[in-house]
Amino acid sequence: NIENNVEINLLGLSEKNERLYWESGKNKIDEILEHQVKPSIENENIKHLSVFCLARIPFLVYLGHRLGCKVPIDIYQKHRDGDEGWVWREDSETVKFEQNVIQEGKDISKVALVLSLSGKVDLSQLPENIDDNYFVYEILPKGTNSSRNIMRIKNSHEEFRRTYESALRNIENTHRASKELHLFPAVPITAAITCGRELLKDKSPTLLVYDNSVDGFKLTMGVN
């Protein structure tokens, strides 16, 4: 067995030009994975990955997509309460999630998905291009409020994964003419990575991932 500690450092990226910022980050992720991770997976030196991330949500979605499902992966959540550690807690009940249609659109080829996990995202917060032509779906916690600490235990993350996968498959089947899915994520780290991992290469639409900044949601990149 070979110990592999791989770091992808995105702290040095220049934010003067937004388009170049996101492209540079994607290129950095690609470079590290192609040269340090992929060869070790192919020669079976890496048979399992543990992932610890602190980064902006679109980068985490992209990382999840690039990691894929070739080897088992454990994703760890940075907690925002108590000791702020990475260890999954055992002192909470499993949070379940539900998917709803929050806007019936006029054009079956236009679709958006809102993820209200860390905080509630209202229709009024979406950019003007997501008009009444769009079908808008939402995933949110079932029976509890959205919260930054929603992912306290591992089972809650698995519940989100199942709900998100179900939503994706539903959108793929219902909106077959759509080649793009606008994604508005207010999610914890682990959920963001899962959003990318669950994409199917030849079936899922391209995720158009938005970042929620002080100026509202802005499109950052296409994933898949």
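Residues numbered from 1 in each chain as written. Predicted model: local features only at pLDDT ≥ 70, side-chain atom pairs only at ≥ 80, totals over all residues. Heavy atoms only, no water.

Visitor: Now, about the overall build of the chain: what can you tell me, with residues and values included?
Guide: The helix and strand tally for the chain stands at four helices and eight strands. Reading the chain from its N end, one meets helices and strands in the order α-β-α-β-β-β-β-α-β-α-β-β. The C-alpha atoms of the chain give a radius of gyration of 17 Å, which matches the 17 Å a tight globule of 224 residues would have. Each principal axis of the C-alpha atoms in the chain carries an extent, and together these give about 55 × 40 × 35 Å. For the chain, with 224 residues in total, the buried portion stands at 47%. Expressed as a percentage of contacts within the chain between residues at least 6 apart in sequence, the contacts between residues at least 24 apart total 76%. About 12,100 Å² of surface is accessible on the chain, with carbon and sulfur atoms providing 44% of the total. The positive charge centre, built from 29 side chains, and the negative charge centre, built from 34, are 3 Å apart in the chain. (Helix = DSSP H or I, 4+ residues; strand = E, 2+ residues; numbered from the N terminus. Rg over C-alpha atoms; globule rule 2.2 N^0.38 Å. Buried < 20%, exposed > 50% of the residue type's maximum accessible area, 1.4 Å probe, protein only. Contact = heavy atoms within 4.5 Å. Areas by Shrake-Rupley, 256 points an atom, 1.4 Å probe, with all protein chains shown as cover. Lys, Arg positive; Asp, Glu negative; His and termini not counted. Charge placed at Lys NZ, Arg CZ, Asp CG, Glu CD.)

Visitor: Describe in detail the nonpolar core, supporting the description with residues and values.
Guide: Among the nonpolar cores identified, the biggest contains 52 residues, and Leu-115, Leu-117, Ile-139, Phe-160, Tyr-164 and Leu-207 are the most heavily contacted of them. The dominant element in this core, judged by the number of residues it contributes, is helix H2 (residues 57-67), at seven residues. Contact partners of Tyr-164, with chain neighbours within four places excluded, come to Leu-113, Leu-115, Ile-139, Thr-194, Cys-195, Glu-198, Leu-199 and Leu-207. Grouped together as the second largest cluster of nonpolar side chains are twelve residues, Ala-112, Leu-126, Ala-186 and Leu-208 included. (Core = buried A, V, L, I, M, F, W, Y, C linked by side-chain atoms within 4.5 Å.)

Visitor: Talk me through the pairing of strand E6 (residues 180-186); I want residue IDs and the actual numbers.
Guide: Look at any regular strand and the pattern is simple: side chains alternate between the two faces of the sheet. Most of E6 is tucked away, with six of its seven residues classed as buried. Sheet topology places strand E4 (residues 111-116) next to E6; five bridges connect them, and they run parallel. The residue bridging Val-114 from the neighbouring strand is Phe-184, located in E6. Bridge analysis of E6 against strand E7 (residues 206-213) gives four bridges, and the strand direction is parallel. Among the inter-strand pairings, Glu-180 is bridged to a residue of E7, identified as Thr-206. For the segment spanning E6, helix H4 (residues 189-197) and E7, crossover handedness is right-handed. (Pairing = 2+ DSSP bridges. Right-handed = clockwise from strand over helix to strand, strands pointing away.)

Visitor: I'd love a proper account of the pattern of salt bridges, names of residues and values included.
Guide: In total, this model carries 19 salt bridges according to the counting rule given. In this structure, Glu-159 engages Arg-162 in a salt bridge whose closest nitrogen and oxygen atoms are separated by 3.1 Å. With Glu-159 and Arg-162 both in helix H3 (residues 154-174), this residue pair falls three residues apart, about one helical turn. Taking relative accessible area as the criterion, Glu-159 reaches 17% and is therefore assigned buried. Between Glu-165 and Arg-161 there is a salt bridge, and its shortest N-O distance comes to 3.2 Å. On the criterion of helical spacing, the pair formed by Glu-165 and Arg-161 is a turn pair, its members being four residues apart in helix H3. Glu-165 gets classed as partly exposed once you look at its relative accessible area, which sits at 27%. (Salt bridge = Lys/Arg side-chain N within 4 Å of Asp/Glu carboxyl O.)

Visitor: For the side chain of Gln-103, give the residues involved together with the corresponding values.
Guide: You can see Gln-103 is positioned in strand E3 (residues 97-103). According to the relative accessible area criterion, Gln-103 is buried, its value standing at 19%. Polar contacts involving the side chain of Gln-103 include one to the main-chain carbonyl oxygen of Asp-131, which spans 2.9 Å. At 2.8 Å, the side chain of Gln-103 and the backbone oxygen of Tyr-134 are in polar contact. Excluding its chain neighbours within four sequence positions, the residues that come into contact with Gln-103 are Leu-123, Asp-131, Asp-132, Tyr-134, Phe-135 and Val-136. (Polar contact = N/O pair within 3.5 Å; in protein donor to acceptor, adjacent residues only side chain to side chain.)

Visitor: Which residues make up the state of the cysteines, and what are the values?
Guide: Throughout the structure, instances matching the rule amount to zero disulfides. The thiol of Cys-53 is unpaired, and the distance to the nearest cysteine sulfur, on Cys-195, comes to 13 Å. When its relative accessible area of 10% is taken as the criterion, Cys-53 is described as buried. Between Cys-195, a free cysteine, and Cys-69, which holds the nearest cysteine sulfur, the sulfur-to-sulfur gap is 13 Å. (Disulfide = S-S within 2.5 Å.)

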